[in-house]
Amino acid sequence: MSDLTERSGGEDTTADPAATAAAPGPQPAAVDPRLLVREKGLAGYVDDFARRVRGGELGSLPVIIGLIVIAVVFQFKNSNFLSADSLANIGVYTSGLGIMAVGIVFVLLLGEIDLSVGSVAGVGAAVWAVLSTTHGVGDGLAVLIAVVVGIGIGALHGFFFAKVGVPAFVVTLAGFLGWSGLQIWLMGKEGSINTPGGSVVEKLTGYYFEDKAAAYGLALVAVLAYAGSLLLSARRRRAAALPSRPLGEILLRTGVVAVLAFAVAYVLNEPAGARGLPLALVLFLAVLVIADYVVRRTTYGRQIFAVGGNAEAARRAGINVTRIRISVFAVSGMLAAFGGLFIASLSGGATKNLGAGNTLMNVIAAAVIGGTSLFGGRGKVWSALLGMLVIQSIQQGLNLLGMASEIQNMITGAVLLAAVVIDSISRRTQKTAGRT
């Protein structure tokens, strides 16, 4: 309230609401509470943070705290957890499933689910392997066809859901079964096709930028892009007479991101035996940036949120709900097929079992653990990265400790349940606070 006090000559002009309502003449303009938060400085941000937590607006806080706890515990148990090789493995193994999780984020924003992503990943890898190895199609063209097949499969799921009215759960469950059968049929009697040496798919997870400038350059680009986005957003909000972040807050946020980015670049580059920056991590980050821009900065992205929040209201507002739903499932299919190529690269080839096992569980778990709501209309693309970092960090740490895979499954399941519980409690708290 300091701004109001200064403009009134040092006296606090705020009055009782009832008296103000009864007073004749023009009423004073309402002051956005976010402006008052920034006027109080650090204390204001602390108060605002406490208010958000009480209101259920947790954001990515639980995931970030979880990552810090995971890093501290496993580094204490095994000093190699934060080594260059360990971080590189986390980045590489996160990439394929993480890309698939981005597609799941799109679907979850609609309030729906896609149970077919594992099978679609297997079909994409099978199509690439059969075309490039058996039929002699160029490697790049085979990759493109595999991704297009994924788009077609996803669009078909969306058609049955949006046009015919079959629940997405049933459609994608049928796809999970049907496409896995197609995958086995495509692979033939042998059941596996090895990745050719030097192929595009082999390099997806096998290539590292050994030049130190690559990792540091990517860190610098990331920091500059983040700072630029904050500055641009602040300028646009000021131009629209809306509350915006002050320069001090922007610098602080940029500094935190810079420390993290350059620390990771240093670990990937400097220790003896470090392999450098993995290409897989670069591609995953590129997918994240593009998808985040589409979701947050385009009309199409806003329409996804609108449909996920209330489909009927979105329809009455003139949004083509059918088109949005079909296109979102097409995006999920595309990223599932692309992620399947990463899995094939890691496993040394396409097999009839690629995409089976825990693939579907880990992909959906990553999106939910990262903070995307199962109830639709709320979430961020970057939750795919956060969720996959949690899952892969747990798996990497338990592998270093020699734990069995069943222990990993139990812990990952517990983390997933905790994430859903937090999401449910958060939504309930927001309803109570009137912030639905």
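The structure displayed is predicted, hence computed values, not measured ones.

A. Just the overall build of the chain, in detail. Scanning the chain from N- to C-terminus turns up 19 helices and 4 strands. Going through the 436 residues of the chain one by one, you find that 42% of them count as buried. Considering only contacts in the chain between residues 6 or more positions apart, those separated by 24 or more positions represent 77%. When the accessible surface of the chain is split by element, carbon and sulfur atoms take 65% of a total near 21,700 Å².

B. Quick look at the layout of surface pockets. Counted as a void, the second largest pocket has a volume near 370 Å³. Lining of the second largest pocket is provided by 17 residues; of these, Tyr-93, Leu-97, Ile-343, Leu-346 and Thr-359 occupy positions nearest its centre. Only α6 (84-109), α16 (321-347), α17 (359-369) and α18 (383-400) provide two or more residues apiece to the lining of the second largest pocket. Of the residues that constitute the lining of the second largest pocket, the class distribution is 6 nonpolar, 11 polar and no charged.

C. Fine view of the pattern of salt bridges. Using the criterion set out here, one finds 5 salt bridges in the structure. Glu-312 is the partner of Arg-316 in a salt bridge, and the nearest nitrogen-oxygen pair spans 3.1 Å. Within this pair, Arg-316 and its partner Glu-312 are both found in helix α15 (residues 311-316), separated by 4 residues, close to a single helical turn. The exposed category is assigned to Arg-316, whose relative accessible area is 71%. One network of salt bridges, in which partners are shared, links Glu-312, Arg-315 and Arg-316.

D. Quick peek at a positive patch on the surface. Residues Arg-235, Arg-236, Arg-238 and Arg-297 make up a contiguous surface patch of positive charge. Within the element layout of this structure, Arg-236 appears in helix α11 (residues 212-239).

E. Expanded view of the side chain of Ser-95. Mapped onto the secondary structure, Ser-95 falls in helix α6. Other than its neighbours up to four places away in sequence, Ser-95 contacts Ala-280, Phe-284 and Phe-342.

F. Region of the structure containing the confidence of the model for the chain. Averaged over every residue, the pLDDT of the chain is 83; the share at 70 or more is 83%. Note on residues 1-23: pLDDT is under 50 here. Beyond four places in sequence and across chains, it has 14 contacts. Between residues 27-31, whose pLDDT stays under 50, and residues either more than four places distant or in other chains, the model counts 3 contacts.

G. Here's a closer look at a nonpolar patch on the surface. Residues Leu-141, Leu-144, Ile-145, Val-148 and Ile-151 make up a contiguous nonpolar surface patch of roughly 400 Å² in combined accessible area. Mapped onto the secondary structure, Leu-144 falls in helix α8 (residues 139-164).

H. Fine view of helix α9 (residues 168-187). Between the first and last C-alpha of α9 there are 28 Å, a value that for 20 residues agrees with the 28 Å anticipated at 1.5 Å per step. Taken together, the buried positions of α9 are Ala-168, Val-171, Thr-172, Gly-175, Trp-179, Gln-183 and Met-187. Against the buried residues of α9 lie α7 (117-134), α8, β1 (192-194), α16 and β4 (349-351). After α9 finishes, the residue Gly-188 shows a positive phi value of roughly 75°.

I. Region of the structure containing the nonpolar core. If you look at the biggest cluster of nonpolar residues, it comprises 87 residues, and the most contacted ones within it are Val-102, Phe-106, Trp-128, Ile-304, Val-307, Ile-324 and Val-328. Not counting chain neighbours up to four residues away, the residues in contact with Val-102 comprise Phe-284, Val-287, Leu-288, Ala-291, Leu-335, Val-381 and Ala-384. Counting 9 residues, the second largest nonpolar core, distinct from the first, contains Val-92, Ala-265, Leu-277 and Leu-281.

Rules used throughout
Residues numbered from 1 in each chain as written. Predicted model: local features only at pLDDT ≥ 70, side-chain atom pairs only at ≥ 80, totals over all residues. Heavy atoms only, no water. Helix = DSSP H or I, 4+ residues; strand = E, 2+ residues; numbered from the N terminus. Buried < 20%, exposed > 50% of the residue type's maximum accessible area, 1.4 Å probe, protein only. Contact = heavy atoms within 4.5 Å. Areas by Shrake-Rupley, 256 points an atom, 1.4 Å probe, with all protein chains shown as cover. 1 Å grid on protein atoms, 1.4 Å probe; cavity = no way out; pocket = protein on both sides within 12 Å on 5 of 7 lines; lining within 4 Å. Points joined across faces, edges and corners; volume = space filled by probe spheres on them. Nonpolar A, V, L, I, M, F, W, Y, C, P; charged D, E, K, R; others polar. Salt bridge = Lys/Arg side-chain N within 4 Å of Asp/Glu carboxyl O. Patch = residues over 30% accessible without salt bridge, like charges linked within 9 Å, V, L, I, M, F, W, Y side chains within 5 Å. Lys, Arg positive; Asp, Glu negative; His and termini not counted. Charge placed at Lys NZ, Arg CZ, Asp CG, Glu CD. pLDDT = per-residue confidence, 0-100. Expected span 1.5 Å × (residues − 1). Core = buried A, V, L, I, M, F, W, Y, C linked by side-chain atoms within 4.5 Å.

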